[in-house]
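Structural characterization, general
Chain by chain, the residues:
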Amino acid sequence: MTEPGAPLPEERGPLSAAVLRVLRDADAGGAAPEATVAGADPLGEDLQLALYLSYEPHYRALEGVADDREWDPALLALRRPMEEAFLGALREAVPGDGDVTAALEPLLVEPVDGHGVSHRLMADGTWERMREYLVHRSLYQLKESDPQAWLIPRLEGQAKASLVAVAFDEFGGGRGERVHARLFAELMEGAGLDSSYGRYLDLAPATTLATVNVMSLFGLRRSLRGAAAGNFAVLEITSPPGARRMAKALERLDAEQRCVRFFTEHIEADAVHEQVMRRDVLGDLLAREPGLAADVAFGVRATVWLDERWEERVLAAWDRGRSSLRGPVAASPSAPGTAADPSEPVRTV
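Now for a description of the structure that goes with this document. Just so it is clear, the structure is predicted and the values come from calculations on it, not from any experiment.

Things to note about the overall build of the protein chain
On a plain count of helices and strands, the protein chain comes out with 13 helices and zero strands. Seen in sequence order, the protein chain has helices and strands lined up from the N terminus as α-α-α-α-α-α-α-α-α-α-α-α-α. Counting only C-alpha atoms and orienting by the principal axes, one finds that the protein chain spans roughly 55 × 50 × 45 Å. Across the 349 residues that make up the protein chain, the buried fraction comes to 55%. Summed over all atoms, the accessible surface of the protein chain reaches about 15000 Å², with 52% contributed by carbon and sulfur.

Digging into empty space enclosed by the protein
In total, this model carries three cavities of 30 Å³ or more according to the counting rule given. Estimated volume of the largest cavity: approximately 60 Å³. Together, Tyr-52, Ser-138, Leu-139, Leu-142, Ser-196, Tyr-197, Gly-198, Arg-199, Tyr-200 and Leu-201 line the largest cavity. A per-class count over the lining of the largest cavity returns six nonpolar, three polar and one charged.

As for the side chain of His-266
Take His-266: it is sitting in helix H12 (residues 257-288). Among the polar contacts listed, one links the side chain of His-266 to the side chain of His-180, at a separation of 3.3 Å. Setting aside residues up to four positions removed in sequence, His-266 forms contacts with Glu-144, Glu-170, His-180, Ser-239, Pro-240, Ala-243 and Ala-271.

Comments concerning the pattern of salt bridges
Applying the stated criterion to the full structure yields 23 salt bridges. With its nearest N and O atoms 2.8 Å apart, the salt bridge here joins Arg-175 to Glu-177. For Glu-186, the salt bridge is made with Arg-182, and the minimal N-O distance between the two is 3.6 Å. Here Glu-186 and its partner Arg-182 are both found in helix H9 (residues 180-190), four residues apart, which amounts to about one turn of the helix. Overall, the relative accessible area of 17% leaves Glu-186 in the buried class. Linked through salt bridges whose partners overlap, the residues forming this network are Arg-79, Arg-80, Glu-83, Glu-84 and Arg-221.

Considerations on helix H8 (residues 157-170)
Within an α-helix, residues lying three or four positions from one another point in the same direction, as the helix has 3.6 residues per turn. Taking 1.5 Å per residue, 14 residues should reach 20 Å; H8 reaches 20 Å between its end C-alpha atoms and fits that length. Those residues of H8 not exposed but buried are Ala-159, Ser-162, Leu-163, Val-166, Ala-167 and Glu-170. Down the axis, H8 shows its buried residues gathered within 140° of arc, on one side only. Remark: Gly-172 follows H8 within two positions and exhibits a positive phi of approximately 90°.

Some words on the packing of aromatic side chains
In total, this model carries five aromatic pairs according to the counting rule given. Relative to Trp-150, the ring of Tyr-59 lies with its centre 6.3 Å away and its plane at 70°, an arrangement referred to as edge-to-face. On the criterion of sequence distance, the pair formed by Tyr-59 in the loop between helix H2 (45-55) and helix H3 (73-93) and Trp-150 in the loop between helix H7 (146-149) and H8 is long-range, its members being 91 residues apart. Three or more aromatic residues joined by ring pairs make a cluster, and in this case those are Phe-184, Phe-262 and Phe-263. The lysine or arginine in question, Arg-60, covers the ring of Tyr-197, its NZ or CZ lying 4.8 Å from the ring centre. Across the ring face of Tyr-59, the terminal group of Lys-143 is positioned such that the distance to the ring centre comes to 4.5 Å.

Considerations on helix H1 (residues 14-24)
Burial analysis of H1 places eight of its 11 residues in the buried class, the great majority of the element. Of all the positions in H1, only Leu-15, Ser-16, Ala-17, Ala-18, Val-19, Leu-20, Val-22 and Leu-23 are classed as buried. On its buried side, H1 packs onto H2 and H3.

Brief notes about the packing of helix H10 (residues 206-219) against helix H11 (residues 225-252)
Direction vectors running N to C along H10 and H11 enclose 140°, while the axes themselves pass 8 Å from each other. Classed by the angle they form, the pair H10 and H11 counts as oblique. Here H10 runs over H11; the crossing is left-handed. Here H10 contributes Val-214, Met-215, Phe-218 and Gly-219 to the contact with H11, which in turn contributes Ala-227, Ala-228, Asn-231 and Leu-235. Of the residues assigned to the contact of H10 with H11, the class counts are six nonpolar, two polar and no charged.

A closer look at the side chain of Glu-265
By the element assignment, Glu-265 lies in helix H12. Here Glu-265 falls in the buried class, since its relative accessible area comes to 18%. For Glu-265, the residues in contact, after removing those within four places along its chain, are Arg-178, His-180 and Leu-183.

Let's talk about the packing of H1 against H3
The packing of two helices is summarised by the inter-axis angle and the distance between the axes. The geometry of H1 relative to H3 is characterised by a closest axis approach of 9 Å and an angle of 155° between their N-to-C directions. Between H1 and H3, the angle falls in the class roughly antiparallel. Remark: the crossing between H1 and H3 carries left-handed chirality. When H1 is examined against H3, the residues Leu-15, Ala-18, Val-19, Val-22 and Leu-23 are found in contact with a partner set consisting of Ala-74, Leu-75, Leu-78 and Met-82. Residues belonging to the contact of H1 with H3 are distributed by class as follows: nine nonpolar, no polar and no charged.

Cut-offs and rules
- Residues numbered from 1 in each chain as written.
- Predicted model: local features only at pLDDT ≥ 70, side-chain atom pairs only at ≥ 80, totals over all residues.
- Heavy atoms only, no water.
- Helix = DSSP H or I, 4+ residues; strand = E, 2+ residues; numbered from the N terminus.
- Buried < 20%, exposed > 50% of the residue type's maximum accessible area, 1.4 Å probe, protein only.
- Areas by Shrake-Rupley, 256 points an atom, 1.4 Å probe, with all protein chains shown as cover.
- 1 Å grid on protein atoms, 1.4 Å probe; cavity = no way out; pocket = protein on both sides within 12 Å on 5 of 7 lines; lining within 4 Å.
- Points joined across faces, edges and corners; volume = space filled by probe spheres on them.
- Nonpolar A, V, L, I, M, F, W, Y, C, P; charged D, E, K, R; others polar.
- Polar contact = N/O pair within 3.5 Å; in protein donor to acceptor, adjacent residues only side chain to side chain.
- Contact = heavy atoms within 4.5 Å.
- Salt bridge = Lys/Arg side-chain N within 4 Å of Asp/Glu carboxyl O.
- Expected span 1.5 Å × (residues − 1).
- Arc of directions from axis to C-beta.
- Phe/Tyr/Trp six-rings, centres within 6.5 Å; stacked < 30°, edge-to-face > 60°.
- Lys NZ or Arg CZ within 6 Å of the ring centre and 35° of its normal.
- Axes fitted to C-alpha atoms, helices over the stretch in contact; angles between N-to-C directions.
- Parallel < 35°, antiparallel > 145°, perpendicular 65-115°, else oblique.
- Left-handed = near helix turned anticlockwise from the far one by under 90°.

Structure (structure tokens):
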């Protein structure tokens with residue numbers, strides 16, 4: 001049975017409108033609509049949504065969009081200048097040296113005064129804020145490790161073998177029910193959310209979209225294989241401590257076991273993955289291609305920079321007593337922490 005396509009979102013400006021027009025066009029191969037990147041914010045709502053939509057045909061079906069739109073020349077013509085603008089903004093934002101060790105070192109030490117989103121949720125987060133967090137993360141976690149899989153054919157030797165070993169765990173170790181994307185879907189369902197792929201795209205702000213788009217940008221370009229490897233290394237290095245905090249946050253909220261399981265799985269698996277990524281993937285890749293050091297360091301720093309921007313936006317919204325999403329999240333009436341569940345009244349952080 002064919003899965004229904006993910007719903008298309010509302011446009012956020014001329015670029016996303018142009019991409020949506022191409023996706024919905026019944027005739028492939030036409031000329032790209034008039035849309036210019038000049039003057040557009042490379043990190044803004046319009047460009048980031050347009051870029052996200054231009055990548056999506058590589059991953060999943062979209063409602064009303066033909067499968068062969070993936071390689072439509074008009075779609076690719078729109079995507080390329082947006083990618084260049086995004087890439088340019090990232091290169092301007094982070095240092096351009098090739099010191100991979102210096103780029104990774106800050107990630108290897110857990111700060112004693114951490115104050116990120118997972119710290120906030122662990123300390124005093126509510127179900128309302130937890131659901132917000134899950135909606136943000138759903139854009140990547142429901143296709144966890146798919147963008148990084150593009151890196152496999154771009155590597156050789158030990159780097160390839162070790163990356164595949166990490167991916168094997170991410171994709172369930174041969175068991176469909178253990179695929180991490182499936183575990184995240186179960187977490188969402190236990191939290192009273194819709195786990196359908198792409199369900200919450202309309203609610204995701206540009207800061208969230210950018211953290212996912214960078215994975216596709218790096219993964220789909222062989223010339224950026226070093227940056228893709230750096231990106232994946234960041235995900236694996238930072239996952240265990242963050243997952244530990246999120247598991248504690250859910251346990252404090254008396255979440256179902258299926259909610260906690262997603263994070264406990266990452267505590268155990270990614271602690272090993274961190275070592276494999278640093279020593280066997282990055283180590284072997286740079287031994288074979290030392291000229292990629294600058295790209296690896298760039299991938300690490302760009303990923304961290306985008307994640308920090310996302311955290312700052314979320315925390316700033318919460319500090320003002322507002323949602324960090326573009327609209328309200330509709331939870332199931334029986335979801336934990338809702339009015340239908342008297343065990344925990346809805347509160348604001």
